[in-house]
Amino acid sequence: VQLNTSLETTWLFAPIPAPLGWPPDPQLFSLASAFGGLAALLLFLSLEVHRPLRQLDSALEGVSLDQQPGPVPERGTGTVRHLTTHFNAMLRRLRQANQERATMLAGIAHDLRAPLTRLRLRLAQATPWSSEERQRAERDLTALERITAQFLLFVGAEEIGRAHV
């Protein structure tokens with residue numbers, strides 16, 4: 001409002017309240033934006049980092065000599081996906097190493113059986129040995145057969161354990 005006086009013109013200002021509080025107070029707007037950003041960050045961390053890491057952690061707890069979990073889905077941030085890829089590759093290498101070890105042990109036990117049988121046959125046919133030497137040789141052969149049977153039992157038990165997992 002302009003007031004005309006004889007000396008000078010005077011203006012009278014009276015603030016008019018904004019309808020329904022718009023525009024909002026800048027401090028309130030900044031605070032709401034900060035809380036919204038924090039909530040978005042926490043949601044991102046939960047979905048993209050924390051959940052895949054929990055899945056990887058539970059899979060790590062399941063790794064042992066007897067059993068291995070299935071592969072973990074590769075999702076999340078780039079670093080978490082990279083870590084999960086390496087974990088799944090480690091599981092594949094462990095499975096392959098266990099299969100190779102079982103095959104090797106079974107092969108050793110199988111390969112020992114033929115020479116043992118030949119030795120037992122030669123021992124039965126050999127006459128120049130004394131009875132004491134023959135008994136010692138029989139005990140050695142029996143011990144070798146027992147070791148071979150234990151190899152086969154060990155490999156067979158591992159294969160049965162893998163089939164149930």
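Calculation criteria
Residues numbered from 1 in each chain as written. Predicted model: local features only at pLDDT ≥ 70, side-chain atom pairs only at ≥ 80, totals over all residues. Heavy atoms only, no water. Helix = DSSP H or I, 4+ residues; strand = E, 2+ residues; numbered from the N terminus. Buried < 20%, exposed > 50% of the residue type's maximum accessible area, 1.4 Å probe, protein only. Contact = heavy atoms within 4.5 Å. Areas by Shrake-Rupley, 256 points an atom, 1.4 Å probe, with all protein chains shown as cover. Core = buried A, V, L, I, M, F, W, Y, C linked by side-chain atoms within 4.5 Å. Patch = residues over 30% accessible without salt bridge, like charges linked within 9 Å, V, L, I, M, F, W, Y side chains within 5 Å. Salt bridge = Lys/Arg side-chain N within 4 Å of Asp/Glu carboxyl O. Expected span 1.5 Å × (residues − 1). Bend = angle between axes of the 7 residues up to and from the residue. Axes fitted to C-alpha atoms, helices over the stretch in contact; angles between N-to-C directions. Parallel < 35°, antiparallel > 145°, perpendicular 65-115°, else oblique. Left-handed = near helix turned anticlockwise from the far one by under 90°. Nonpolar A, V, L, I, M, F, W, Y, C, P; charged D, E, K, R; others polar.

Visitor: Please clarify how the overall build of the protein should be interpreted in this entry.
Guide: The helix and strand tally for the protein stands at 3 helices and 2 strands. Secondary structure elements of the protein occur, N-terminal to C-terminal, as β-β-α-α-α. Here the protein holds 165 residues, and 16% of them are scored as buried. In the protein, 53% of the contacts between residues at least 6 apart in sequence involve partners at least 24 apart. Counting every atom, the protein has about 12,900 Å² of accessible surface; 64% of that belongs to carbon and sulfur.

Visitor: Quick question: what am I supposed to make of the side chain of Thr84 here?
Guide: Position of Thr84 among the secondary structure elements: in helix α2 (residues 78–125). Residue Thr84 is classed as buried on the basis of its relative accessible area of 0%. Not counting chain neighbours up to four residues away, the residues in contact with Thr84 comprise Leu56, Val72, Pro73 and Glu74.

Visitor: Can you walk me through the nonpolar core in this structure?
Guide: The tendency in soluble globular proteins is for nonpolar side chains to be buried as a group. Counting 5 residues, the largest nonpolar core is built from Leu56, Ala59, Val72, Phe87 and Leu91. Broken down by secondary-structure element, the contributors of at least two residues to this core are α1 (26–61) and α2. Among residues more than four places away in sequence, those in contact with Leu91 are Val63, Gln68, Pro69, Gly70 and Pro71.

Visitor: I keep staring at a nonpolar patch on the surface and nothing clicks. Help me out?
Guide: Residues Leu31, Phe35, Leu38, Leu41, Leu42, Phe44 and Leu45 make up a contiguous nonpolar surface patch of roughly 680 Å² in combined accessible area. Since its relative accessible area comes to 37%, Leu45 is described here as partly exposed.

Visitor: I keep staring at α2 and nothing clicks. Help me out?
Guide: The α-helix winds at 3.6 residues per turn, so residues separated by three or four positions along the chain end up facing the same way. Along its 48 residues, α2 runs 71 Å from first to last C-alpha, staying within 8% of the 70 Å computed at 1.5 Å per residue. Along α2, the residues classified as buried are Val80, Thr84, Phe87, Asn88, Ala89, Leu91, Asn98, Ala102, Leu105, Ala109, Leu116 and Leu123.

Visitor: Is there a simple way to explain α1 in this structure?
Guide: Relative to the 52 Å expected for 36 residues at 1.5 Å per residue, α1 spans 50 Å between its end C-alpha atoms, a close match to the ideal helical length. Along α1, the sharpest kink reaches roughly 40 degrees, centred on Ser46. On its buried face, α1 is in contact with α2.

Visitor: Sorry if this is basic, but what is going on with the packing of α1 against α2 here?
Guide: Packed helix pairs are characterised by how far apart their axes lie and by the angle those axes make with each other. Running from N to C, α1 and α2 point in directions that differ by 15 degrees, and their axes come no closer than 10 Å. Between α1 and α2, the angle is such that the two are roughly parallel. Helix-helix and strand crossings are classified by hand; for α1 and α2 the assignment is left-handed. On α2, the residues touching Glu48, Val49, Pro52, Leu53, Leu56, Ala59 and Leu60 of α1 are Val80, Leu83, Thr84 and Phe87. Classifying every residue of the contact of α1 with α2 by side-chain character gives 9 nonpolar, 1 polar and 1 charged.

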